[in-house]
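This is what each chain is made of:
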Amino acid sequence: RLEAQHPTDFPEQVRSVLRSAITAGQAIAEQVAALFGLQRRTFDRRIGEFGVSFRQLLDEARFELARQLLEDSTKEVAELGELLGYAAPSAFTRAFHRWSGCSPTEWRQAQLRKS
């Protein structure tokens, strides 16, 4: 199904899988590679051919989910960080700040002001 949706874009196929894998707590490179029927090294080489790494794709998927969850839920930032696979709320906050230039709370407040 993924190949039909994104026939030539392997990184987009991986992003699609990651969106589900993150919330299921299964966003581990070896597990994602296995879903594609690949060994980890082959998986890394294949996504590397597109100039990206598993870590980059994971960060992109987490950022996308984080924005969606911040916008669509009232859960605390700590809960969202845990849902996205971060061991500590501070790790999630640092990652979100790196991605967006602001904290998750600031981002959520800015979205509320836009509405």
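This one's a predicted model, so the numbers in the text were calculated from it and none came from an experiment.

Procedures and definitions
Residues numbered from 1 in each chain as written. Predicted model: local features only at pLDDT ≥ 70, side-chain atom pairs only at ≥ 80, totals over all residues. Heavy atoms only, no water. Core = buried A, V, L, I, M, F, W, Y, C linked by side-chain atoms within 4.5 Å. Buried < 20%, exposed > 50% of the residue type's maximum accessible area, 1.4 Å probe, protein only. Helix = DSSP H or I, 4+ residues; strand = E, 2+ residues; numbered from the N terminus. Contact = heavy atoms within 4.5 Å. Salt bridge = Lys/Arg side-chain N within 4 Å of Asp/Glu carboxyl O.

Membership of the largest hydrophobic core comes to 33 residues, with the highest contact counts inside it found for Leu18 and Phe43. Contributing elements (two or more residues each) for this core: α2 (10–23), α3 (29–35), α4 (40–48), α5 (54–72), α6 (77–83) and α7 (89–100). Considering every element that reaches this core, the biggest residue donor is α5, with nine residues. Non-local contacts of Phe43, meaning those with residues more than four positions away in its chain, are made with Phe10, Val14, Ala29, Val32, Ala33, Phe36, Leu38 and Phe54.

Opposite charge on two side chains permits them to pair, given that their charged atoms come into close proximity. Considering all chains together, one arrives at seven salt bridges under this definition. When the shortest N-O distance is used, the salt bridge between Arg19 and Glu64 registers 3.2 Å. Here Arg19, found in helix α2, pairs with Glu64, found in helix α5; they are 45 residues apart in sequence, far enough to count as distant. Assessed through its relative accessible area of 22%, Arg19 is described here as partly exposed. A relative accessible area of 31% places Glu64 in the partly exposed class. Here Arg98 makes a salt bridge to Asp59, at a shortest N to O gap of 3.3 Å.

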